[in-house]
Amino acid sequence: MRPSSPIPPSSNLESPEGDPVPPRSRLALAPRATGLLLASLLPGLAAATMPSPSMLRPNIIYILADDLGYGDLSCQGQEVLATPHLDRLAAEGMRFTQHYAANTVCQPSRSGLLTGQHSGHARHRDNQRFVDSRGFRPEDVTFAEVMRSAGYATAICGKWHLGDRADSTGIPHHHGFDYAYCMGYPYPEGGREHWPSHVFVNGRQTPIPENSGGRKARYMDDLYTDAAIEFIGRPRSNPFILYLAFQGVHAPIDGRISPRFAERDWPEVEKGFASMLERVDENVGRLLAALERLGLDERTLVLFSSDNGPHREGGHEVEFFRSRGGLRGYKRDLYEGGIRVPLLARWPGAVPAGSVSGHISAMWDLLPTFAELAGTATPSSTDGLSLVPTLLGRGAQRKHEWLYWETRERTGGQAVRWGDWKAVRVGVLRNGSAPLELYNLARDPAEERDVAAENPAVVARILALMNEAHVPVPESPLFPAERPPAQLAGAGAGHE
Ligand SMILES: [Ca+2]
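Residues numbered from 1 in each chain as written. Predicted model: local features only at pLDDT ≥ 70, side-chain atom pairs only at ≥ 80, totals over all residues.

## Focus: the overall build of the protein
Here is step 1 of the chain: Secondary structure summary: the protein contains 11 helices and 15 strands in total.
Here is step 2 of the chain: Looking at the protein as a whole, 52% of its 496 residues qualify as buried.
Here is step 3 of the chain: When contacts within the protein are restricted to residue pairs at least 6 apart in sequence, those whose partners lie at least 24 apart make up 66%. (Helix = DSSP H or I, 4+ residues; strand = E, 2+ residues; numbered from the N terminus. Buried ≥ 20, exposed ≤ 12 C-beta atoms within 10 Å, placed from the backbone. Contact = placed C-beta atoms within 7 Å.)

## Quick look at helix α5 (residues 220-232)
Here is step 1 of the chain: Between its first and last C-alpha, α5 extends 19 Å over 13 residues, near the 18 Å set by a 1.5 Å rise per residue.
Here is step 2 of the chain: Those residues of α5 not exposed but buried are Met220, Asp221, Leu223, Tyr224, Thr225, Ala227, Ala228, Ile229, Phe231 and Ile232.
Here is step 3 of the chain: The inward-facing, buried residues of α5 contact β3 (153-158), β4 (179-182), β5 (198-201), β7 (240-245) and α6 (268-293). (Expected span 1.5 Å × (residues − 1).)

## Remarks on the pairing of β5
Here is step 1 of the chain: The pairing of β4 with β5 spans two bridges and is classified as antiparallel. Looking at β5, one finds that tyrosine 181 is bridged to valine 201.
Here is step 2 of the chain: With four bridges joining them, β5 and strand β6 (residues 204-207) adopt antiparallel strand pairing. Residue pairing in the sheet places valine 201 in a bridge with arginine 204 of β6.
Here is step 3 of the chain: Between β5 and β6, which pair antiparallel in sequence order, lie two residues; one of them, asparagine 202, sits at a positive phi of approximately 50°. (Pairing = 2+ DSSP bridges.)

## A word on the nonpolar core
Here is step 1 of the chain: If you look at the biggest cluster of nonpolar residues, it comprises 116 residues, and the most contacted ones within it are Cys157, Ala228, Leu242, Leu244 and Phe370.
Here is step 2 of the chain: Here this core takes nine residues from α6, the largest share from any one element.
Here is step 3 of the chain: Of the domains in this structure, domain 1 (54-392) and domain 2 (403-488) are the two that each give at least three residues to this core.
Here is step 4 of the chain: The residues contacting leucine 244, other than those within four sequence positions of it, are Ile61, Ile63, Cys157, Gly158, Tyr224 and Ala228. (Core = buried A, V, L, I, M, F, W, Y, C linked by C-beta atoms within 7 Å. Domains from an automatic or database assignment.)

## Digging into the sheet that holds strand β14 (residues 421-426)
Here is step 1 of the chain: If you walk across this open sheet you meet the four strands as β12-β13-β14-β15, and the pairing is antiparallel. Only two strands of the sheet have a single neighbouring strand rather than two, namely β12 (403-407) and β15 (437-440). Taking each pair of neighbouring strands and ignoring which way they run, the sheet shows an average axis angle of 15°.
Here is step 2 of the chain: Direction of pairing for strand β13 (residues 413-418) relative to β14: antiparallel, over a ladder of six bridges. Across the sheet, arginine 417 pairs through a bridge with lysine 422, a residue of β14.
Here is step 3 of the chain: Helix-sheet contacts for helix α10 (residues 456-469) involve β12, β13, β14 and β15, and the interaxial angle to β13 is about 115°. (Axes fitted to C-alpha atoms, helices over the stretch in contact; angles between N-to-C directions.)

## Things to note about the packing of α5 against α6
Here is step 1 of the chain: Put simply, α5 and α6 touch, their axes get as near as 10 Å, and they point 15° apart. The angle between the axes of α5 and α6 places the two elements in the roughly parallel class. Of the two elements, α5 crosses α6, and the hand of that crossing is right-handed. Across from Asp221, Asp222, Thr225, Ala228, Ile229 and Ile232 in α5, the residues of α6 making contact are Arg279, Val280, Asn283, Arg286, Leu287 and Ala290. (Parallel < 35°, antiparallel > 145°, perpendicular 65-115°, else oblique. Left-handed = near helix turned anticlockwise from the far one by under 90°.)

## Considerations on unusual backbone geometry
Peptide bonds are mostly trans, and most non-glycine residues show a negative phi.
Here is step 1 of the chain: A cis amide bond links glycine 248 to the next residue, valine 249, at an omega of 10°.
Here is step 2 of the chain: Turning to its location among the elements, valine 249 is positioned in the loop between β7 and α6.
Here is step 3 of the chain: At the junction of alanine 251 and proline 252, the peptide bond is cis and its omega measures out at 0° in the coordinates.
Here is step 4 of the chain: Along the chain, proline 252 falls in the loop between β7 and α6.
Here is step 5 of the chain: Positive phi is not limited to glycine here, since arginine 332 has a value of about 85°.
Here is step 6 of the chain: Position of arginine 332 relative to the elements: it lies in the loop between β8 (300-306) and α7 (336-339).

## As for the environment of glutamate 401
Here is step 1 of the chain: Here glutamate 401 is to be found in the loop between α9 (388-392) and β12.
Here is step 2 of the chain: For glutamate 401, a count of 15 C-beta atoms within 10 Å corresponds to the partly exposed category.
Here is step 3 of the chain: Along the sequence, glutamate 401 and tryptophan 418 sit 17 residues apart, while their C-alpha atoms lie 6.4 Å from each other.

## Re the packing of helix α2 (residues 84-91) against α6
Each packed pair of helices is defined by two parameters, the angle between the axes and the distance between the axes.
Here is step 1 of the chain: Where α2 meets α6, the closest approach of the two axes is 7 Å, and the angle between their N-to-C directions is 55°. If you check the angle between α2 and α6, you find them oblique. Listed contacts from α6 to Pro84, His85, Leu86 and Arg88 of α2 are Asp281, Glu282, Val284, Gly285 and Leu288.
Here is step 2 of the chain: Of the residues contributing to the contact of α2 with α6, the split by class is four nonpolar, two polar and three charged. (Nonpolar A, V, L, I, M, F, W, Y, C, P; charged D, E, K, R; others polar.)

## Let's talk about helix α3 (residues 106-115)
Here is step 1 of the chain: Extensive coverage of α3 is indicated by the burial of 10 of its 10 residues.
Here is step 2 of the chain: The inward-facing, buried residues of α3 contact α4 (143-149) and α8 (366-374).
Here is step 3 of the chain: Positive backbone phi, at 70°, marks glycine 116, one or two positions downstream of α3.

## Re the environment of alanine 377
Here is step 1 of the chain: Position of alanine 377 among the secondary structure elements: in the loop between α8 and α9.
Here is step 2 of the chain: Each C-alpha atom of the pair alanine 377 and valine 146 lies 8.3 Å from the other, and the pair is 231 residues apart in sequence.

See the structure below:
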């Protein structure tokens, strides 16, 4: 049973020609499709969904900040701190106002991004980065594999978090990345994530001599950006996709204090936070300058987002700079502050400058977006819908009927966004029948008034959606009934 308002109809899933299509691509492939099979389907795919051949196959740079909030950028309403280079992405491109991370913390969010799956389907549903068995497995298909099969050069520079040890099945160059310049796990020097004495380059431990002996000479995000600029400048005849995953502004708050903030009447940790955010912005500026210098501006789509909401860790207070932009909750929460994140997209001449989109989207939409831009098919395993019609302003944008999240962080939870409705359940690790909270985001964007009791039909529908979306995985049991009795005593405690 559906509520009368304000839920959008599900019948808007139509192709540009107007004929209904199933929720996933009609040209969907089985995971692990070969390049030959992908190539054989290209003519049909292009005829069905491509805007025009001249728009195809741009270079793509996807930049992901860590724990950066919806309200941290000045183009998103930040009033104290300035982010001029990120603001430039918005001014020269598109800003999405209703974009969501795949989860509330690093590992499951990146899992959803890379596989194009929501957290009822993706393997990772909490942070357990020190358990190496939690890396990707050979059968997990990432956007890098899809793009490499389509002839793209692929690279990750930054934080991976999905299996990094040399003997792991999850390391990046086993999952489609030609070039991987990454921090390894487990950290050999706990607490020195931003100033390590080595990185892993294609799985090989490589020293950073300037940081040896505890010195803090080379900042990790600067090194990631240097590696990214070197990669995009390599001579090549094929397009590239670069995943640049900064560690800023994740705790520990351990960057150099910028001269801009040294004299401010702020706690030292907040000066440090402001300096880390400034460094994220400056490194984006360095990358944009390199694109211009290389003559790649008009052939490159640059996207920027964050993996989850703002943190209050390492002494940083989430409200000091109003990092959540008036939303409820923060990192580890399924309320909007924990999962709604910025998404900026710049491609001069293709994405309209200064545009703003309220299209409801999520990280798992990026894989099909990349695939469509590459002119290749999307694996059938994805839950995403390509954003290309919105980005390029042509064709019919297919809309999600609903979005789903689940997490084992804190006491465990589930959430659904269905039109303007937002539902959250907390405490499901201990109580599989935990009550549903319901909010109407159009009237109550801060999720302050629970209207579940007044809308029993909506509650019933959303509980059914949650039941449909949640597919149990042994690595991340959600409800008590999914766990062996020995695990129940510790439910809800001890996650990173
Ligand atoms: Ca994070």
